[in-house]
Amino acid sequence: MAGLAAVLYVFAPTVGRGEEVVPEPTGYRMDAYRAPTPATLKGAQVIDTAQAEKLWRARAAIFVDVMPRDVKPANLPPGTLWRDKRRDHLPGSVWLPNVGYGALSAETDAYFRTRLDALAGGNRAAPLVFYCQTDCWMSWNAAKRAITEYGYTNIAWYPAGSDGWARAGLPLEQGQPKP
């Protein structure tokens with residue numbers, strides 16, 4: 001079995017850079033969010049770091065960071081210190097945590113809709129760039145939801161995310177989640 005898996009992996013289709021081709025699913029990714037993502041997102045423009053930097057420098061789009069945020073466990077023993085994990089993201093981005101899961105609670109869905117509406121000023125054609133980290137389905141899911149469920153029409157997806165941005169030597173700032 002292990003030998004067959006190795007052979008299949010070696011002969012898996014690639015996109016020419018040694019990367020496995022990941023087909024675009026019809027629905028949302030529901031688990032294993034840290035995995036290779038598709039090269040496409042129907043209804044969105046997929047952008048690379050150079051394109052993201054150009055939009056960012058021109059202030060031509062609203063950058064939306066959808067990195068999840070850990071929640072303090074309810075069962076921590078008294079006196080246990082809890083510190084939120086630091087999130088560094090593209091300067092000027094708005095961090096909307098936990099909106100990239102495949103299934104959203106009614107509360108998270110309402111939060112996402114309300115925040116996007118406020119960011120876009122009610123304009124469904126406002127340019128929005130969604131990102132998270134490299135090989136993270138959270139931004140793919142969030143961008144897809146903005147298009148298919150919320151009706152936004154000017155969506156860009158930046159799959160390299162904050163770590164791709166950092167690899168290019170571009171600045172990051174500490175993010176704070178939008179309440």
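What counts as what
- Residues numbered from 1 in each chain as written.
- Predicted model: local features only at pLDDT ≥ 70, side-chain atom pairs only at ≥ 80, totals over all residues.
- Heavy atoms only, no water.
- Phe/Tyr/Trp six-rings, centres within 6.5 Å; stacked < 30°, edge-to-face > 60°.
- Helix = DSSP H or I, 4+ residues; strand = E, 2+ residues; numbered from the N terminus.
- Buried < 20%, exposed > 50% of the residue type's maximum accessible area, 1.4 Å probe, protein only.
- Core = buried A, V, L, I, M, F, W, Y, C linked by side-chain atoms within 4.5 Å.
- 1 Å grid on protein atoms, 1.4 Å probe; cavity = no way out; pocket = protein on both sides within 12 Å on 5 of 7 lines; lining within 4 Å.
- Points joined across faces, edges and corners; volume = space filled by probe spheres on them.
- Nonpolar A, V, L, I, M, F, W, Y, C, P; charged D, E, K, R; others polar.

A separate point is the packing of aromatic side chains. Across all of its chains, the model carries 7 aromatic pairs by this definition. Measuring from ring centre to ring centre gives 5.3 Å for Trp56 and Trp165, while their planes differ by 80 degrees; the resulting arrangement is edge-to-face. Of this pair, Trp56 sits in helix α2 (residues 49-58) while Trp165 sits in helix α5 (residues 161-167), and the two are 109 residues apart along the sequence. Ring centres of Phe112 and Tyr150 lie 5.3 Å apart, and the angle between their planes is 70 degrees; this geometry places the pair in the edge-to-face category. Of this pair, Phe112 sits in helix α3 (residues 106-120) while Tyr150 sits in the loop between α4 (137-148) and β6 (155-158), and the two are 38 residues apart along the sequence. Owing to a relative accessible area of 0%, Phe112 belongs among the buried residues under this scheme. By relative accessible area, Tyr150 is classed as buried at 6%.

Counting residues in each nonpolar core, the largest one holds 32 residues, and the members touching the most others are Val66, Leu96, Phe112, Leu116, Phe130, Tyr152 and Ile155. For this core, the elements supplying multiple residues, two or more each, are β4 (94-95), α3, β5 (128-131), α4 and β6. Counting residues in each nonpolar core, the second largest holds 13 residues, with Trp56, Ala61, Phe63 and Val129 among its members.

Our focus in this paragraph is the layout of surface pockets. Unoccupied space between atoms shows up once a probe the size of one water molecule is rolled over them. Estimated volume of the second largest pocket: approximately 320 Å³. Residue lining of the second largest pocket: 18 residues in total, with Met67, Pro68, Lys85, Arg86 and Arg87 positioned closest to the centre. In terms of residues, the lining of the second largest pocket owes the most to one element, α5, which gives 3 residues. Taken together, the residues of the lining of the second largest pocket break down into 7 nonpolar, 3 polar and 8 charged.

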